[in-house]
Amino acid sequence: MTIRLPGADGRPRTYEPRTDPLAVLPGGAPLVSRTVFSAAHVVADPYADVSPGGPAAVDWDATLAFRRHLWSHGLGVAEAMDTAQRGMGLDWPSAAELIRRSAAEARAAGGAIACGVGTDQLDGPATLAEVRAAYEEQLALVEESGAQAILMASRALAATAGGPEDYLDVYGHLLRQAAEPVILHWLGPMFDPALEGYWGADRLDAATEVFLQVIAAHPDKVDGVKVSLLDARREVELRRRLPDGVRCYTGDDFNYPELIAGDEQGFSHALLGIFDPLGPVAAQAVRVLDTGDAKGFRELLDPTVELSRHLFQPPTRFYKTGVVLLAWLAGHQEHFTMVGGLQSARSLPHLARVYELADGLGLFPDPERAETRMKSLLAVYGVTS
């Protein structure tokens, strides 16, 4: 088994895939010491006659099968989040259907699920009242589905808010009416440039103070916070300032092993896009951590960081392309097609490196199938072995 892979310089080189996949079996004891959600991708319908910018076409059977895969390893599913291409190919009608279907599937499978609540049904300029109403509509749908709500950062609110007081007003309004404690999601501009200056502040220190004000005003309605700023120091400092009972769910796809392992003052739970392709490994690592073996936990997860940092390199928002590539290579779907045509968002050398790093970790249950599929992708680009 050998394959010719283009390097960053464009020149092909010979790579020999490994033949022994990492031995990870589904099932096992429930995760105890950490609450872990995988933000899951959606599988596009490759036969739908759609164009980028048009309504999303989703393969529901394959999409729900992937969620059952994650639940089988004991992970929770964070649904209709950034990884599912919210605002990047997945429109609100499709997201609403995804929430309904996945919540029903979670009940049947006995899996944990939390779903994203946003304002992406708004099209164009909006008033604060319209932003609140959009959030309310989505919050009602998620609560009716029986899932936990994740209040996502809103592009519409970022564009409309005049300052911190508007964020305090909107979030306070939503938290007062939430039926159950929610997860607050702070997504940094590296994931979505439209969220620059969120919380009404250009500086992150000032934004953090506003964020903490929101939580402090309604600690009984906040289960936890998901922080996606790719800044481990800042997350630790925020984690230490959270009220008792409010969890920190790391969204740091660069530094997750150290943040989940924690320190003498605490640790982070997890809600991560990288745990889409790393689901089985992540679950096994947390089970090791459940025994008190922090060293064994790090030995399992630390080697995955290079792959994660490659997937999430700038422009970070296009990490979904590598995630879906890995799902195809691992056999979780039959094609490399994405809603919105986002499979074209990364270069061939980037994707080749994704394959190489994942193969080196033993992430492909069938290495020969992964190699064959990667060769077929290379052939489309004119690369022959």
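Predicted, not measured: the structure shown is a model, and the values here were computed from it.

Colleague: Where do I start with the overall build of the protein chain in this structure?
Modeller: Helix and strand content of the protein chain: 14 helices and 10 strands. Taking 21 Å as the expected radius of gyration for a compact globule of 385 residues, we find that the protein chain reaches 20 Å, a close match to that expectation. Projected onto its principal axes, the C-alpha coordinates of the protein chain cover approximately 60 × 50 × 45 Å. Considering the protein chain as a whole, with its 385 residues, one finds that 57% of them fall into the buried category. Sequence-distant contacts, at least 24 apart, represent 70% of the contacts inside the protein chain between residues at least 6 apart. Put simply, the protein chain shows about 15,300 Å² of open surface, and 50% of that area lies on carbon and sulfur atoms.

Colleague: I keep staring at the packing of helix α9 (residues 279–290) against helix α10 (residues 294–301) and nothing clicks. Help me out?
Modeller: Working note: a packed helix pair is described by the angle between its axes plus the distance between those axes. Taken N-terminus to C-terminus, the directions of α9 and α10 make an angle of 165°; their axes are 7 Å apart at the nearest point. Here α9 lies roughly antiparallel to α10, going by the angle between them. As α9 runs across α10, the sense of the crossing is right-handed. Contact residues: Val281, Ala282, Gln284, Ala285, Val286, Val288 and Leu289 in α9; Ala294, Gly296, Phe297, Leu300 and Leu301 in α10.

Colleague: Where do I start with the sheet that holds strand β8 (residues 222–228) in this structure?
Modeller: Paired through their backbone hydrogen bonds, the strands of a sheet run either parallel or antiparallel. Read around the barrel, eight strands follow the order β3-β4-β5-β6-β7-β8-β9-β10 and close on themselves; strand pairing throughout is parallel. Ignoring which end each strand starts from, the neighbouring axes of this sheet average 25° apart. Strand contacts of helix α6 (residues 204–217): β7 (182–187) and β8, with the helix running at about 170° to β7, the strand carrying the most contacts.

Colleague: Would you mind going over unusual backbone geometry with me for this structure?
Modeller: Of all residues except glycine, most have a negative phi; of all peptide bonds, most are trans. Look at the link from Pro314 to Pro315: it is a cis peptide, with omega at -10°. Within the fold, Pro315 resides in the loop between α11 (305–311) and α12 (319–329). Backbone geometry places Ala80, a non-glycine residue, at a positive phi of 55°. Following the sequence through the fold, Ala80 ends up in the loop between β4 (76–79) and α2 (92–109). Judged by its relative accessible area of 0%, Ala80 falls in the buried class. Look at Gln85: it is not a glycine, yet its phi comes out positive at around 70°. By secondary structure assignment, the location of Gln85 is in the loop between β4 and α2.

Reading the values: rules and limits
Residues numbered from 1 in each chain as written. Predicted model: local features only at pLDDT ≥ 70, side-chain atom pairs only at ≥ 80, totals over all residues. Heavy atoms only, no water. Helix = DSSP H or I, 4+ residues; strand = E, 2+ residues; numbered from the N terminus. Rg over C-alpha atoms; globule rule 2.2 N^0.38 Å. Buried < 20%, exposed > 50% of the residue type's maximum accessible area, 1.4 Å probe, protein only. Contact = heavy atoms within 4.5 Å. Areas by Shrake-Rupley, 256 points an atom, 1.4 Å probe, with all protein chains shown as cover. Axes fitted to C-alpha atoms, helices over the stretch in contact; angles between N-to-C directions. Parallel < 35°, antiparallel > 145°, perpendicular 65-115°, else oblique. Left-handed = near helix turned anticlockwise from the far one by under 90°. Pairing = 2+ DSSP bridges.

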